[in-house]
Amino acid sequence: QVQLQQWGAGLLKPSETLSLTCAVSGGSFSGYVWSWIRQPPGKGLEWIGEVHQGGVTNYNPSLKSRVSISIDTSQNHFSLKLNSVSAADTAVYYCARYYDYWSGPFDTWGQGSLVIVSS
Amino acid sequence: SSGLTQDPEVAVALGQTVKITCQGDILRLSHASWYQQRPGRAPVVVILDDSKRPAGIPSRVSGSRLGDTASLTITAAQAEDEADYYCHCRDTSDHLLVFGPGTRVTVL
């Protein structure tokens, strides 16, 4: 059964760069779409963006100017970078597998990483 | 990408039926999935492709989609159904993924 294990810095100062990595184990890395989703405290889910095996990406327009998602098929992991963070970026960040490009669903999730942005 | 709307919260008596709806033009051309999220936990998919249940999801959970509205119905609600529920789909016009704002279900 596929599992996602994510890690990265949990406390950032304003203007720094958020960096998270998600490792895929127990299943195939190819043929799926790999996404990042975040959830500010007490709020709903926000899709950040996705990457496909060939490195093709899609981003939420509200974050597109600051976000980069990359994939490393040799290491079976994918990564998120969000630059120039502010307090508004404080959230739990999840990595997730999107099973089918058109209909999904997000069938496997990482454990979540709380990222706090504070001076 | 246009959005999805959901009622913020709904209450249901133990053992009764609750229906949650998700509305948006993008649903006319997209399949919906639904996620249950309990406090402090990652979301779990409970419905995919509008009406399919993943393994392990009880049959009292069902989904449907008609026009611009997707629905999630829980019959004979149990205490463990108390959670936040999010609808989701991919917008076929711009390929972006969209979540609804979520519905908090309280079981009385």
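Up top is the structure these notes are about.
Remember, it's a predicted structure, so these values are computed and weren't measured experimentally. (Residues numbered from 1 in each chain as written. Chains lettered and ligands numbered in written order. Predicted model: local features only at pLDDT ≥ 70, side-chain atom pairs only at ≥ 80, totals over all residues. Heavy atoms only, no water.)

**Quick word on the interface of chain B and chain A**
Keep this limit in mind: Should any heavy atoms of two residues lie within 4.5 Å, those residues are counted as being in contact. Accessible area that two parts lose when put together, evaluated with a 1.4 Å probe and summed over both, is termed the buried area. Each reported salt bridge corresponds to a side-chain nitrogen of Lys or Arg within 4 Å of a carboxyl oxygen of Asp or Glu. Contacts described as polar in this section are N or O atom pairs within 3.5 Å, which, within protein, must combine one atom able to donate a hydrogen with one able to accept it, while residues neighboring in sequence count only if both atoms come from side chains. Going along the chain from the N terminus, every DSSP run of H or I of four or more residues is numbered as a helix, and every run of E of two or more is numbered as a strand.
In this assembly, 19 residues from chain B lie in contact with 22 residues from chain A. Ranking the residues of chain B by area buried against chain A places B:Arg90, B:Leu97 and B:Phe99 at the top, with a combined share of 34%. Here chain B is connected to chain A by one salt bridge. One can count nine residue pairs in polar contact (both at pLDDT 80 or more) joining chain B with chain A. Those elements giving two or more residues to the side of chain B that touches chain A turn out to be strand E4 (33–37), strand E8 (83–90) and strand E9 (97–99) of chain B.

**Some remarks on the sheet that holds strand E7 (residues 69–74) of chain B**
Residue and element names in this part refer to chain B. Formally: Think of it this way: DSSP has to see at least two bridges between two strands before they count as a pair.
Spatially, E1-E3-E7-E6 is the arrangement adopted by the four strands of the open sheet, whose pairing is antiparallel. Looking at strand neighbours, the two that pair on one side only are strand E1 (5–6) and strand E6 (61–66), the edges of this open sheet. Across two bridges, E1 lies against strand E3 (residues 18–23) in antiparallel orientation. Paired with Gln6 across the two strands is Cys22, which belongs to E3.

**Here's the deal with a nonpolar patch on the surface**
Residues and elements named next belong to chain A. What counts, and what does not: By definition, no residue in a patch forms a salt bridge, and every one has over 30% relative accessible area; like charges are joined within 9 Å, nonpolar side chains (Val, Leu, Ile, Met, Phe, Trp, Tyr) within 5 Å. Using a 1.4 Å probe, the Shrake-Rupley method yields the accessible areas, and only the shown protein chains count as cover for residues. We call a residue buried when its accessible area falls under 20% of the maximum for its residue type, exposed when it is over 50%, and partly exposed in between, using a 1.4 Å probe and counting protein chains only.
Together, Leu11, Leu114 and Ile116 make up a nonpolar patch on the protein surface, roughly 290 Å² of accessible area in all. Relative to the helices and strands, Leu114 is located in strand E11 (residues 113–117). Under the relative-accessibility criterion, Leu114 is labelled partly exposed at 48%.

**A closer look at the environment of B:Gly102**
As for its position among the elements, B:Gly102 is in the loop between E9 and strand E10 (103–107). When the C-alpha positions of B:Gly102 and B:Cys89 are compared, they lie 13 Å apart, and in sequence the two are 13 residues distant.

**Focus on unusual backbone geometry**
Residues and elements named next belong to chain A. For the bond running from Gly104 to Pro105, omega is 0°, close enough to zero to count as cis. Structurally, Pro105 can be placed in the loop between strand E9 (91–98) and strand E10 (106–109). You will see that Asn76, though not glycine, has its phi angle at about 55°, which is positive. One can find Asn76 in the loop between strand E7 (67–72) and strand E8 (77–82).

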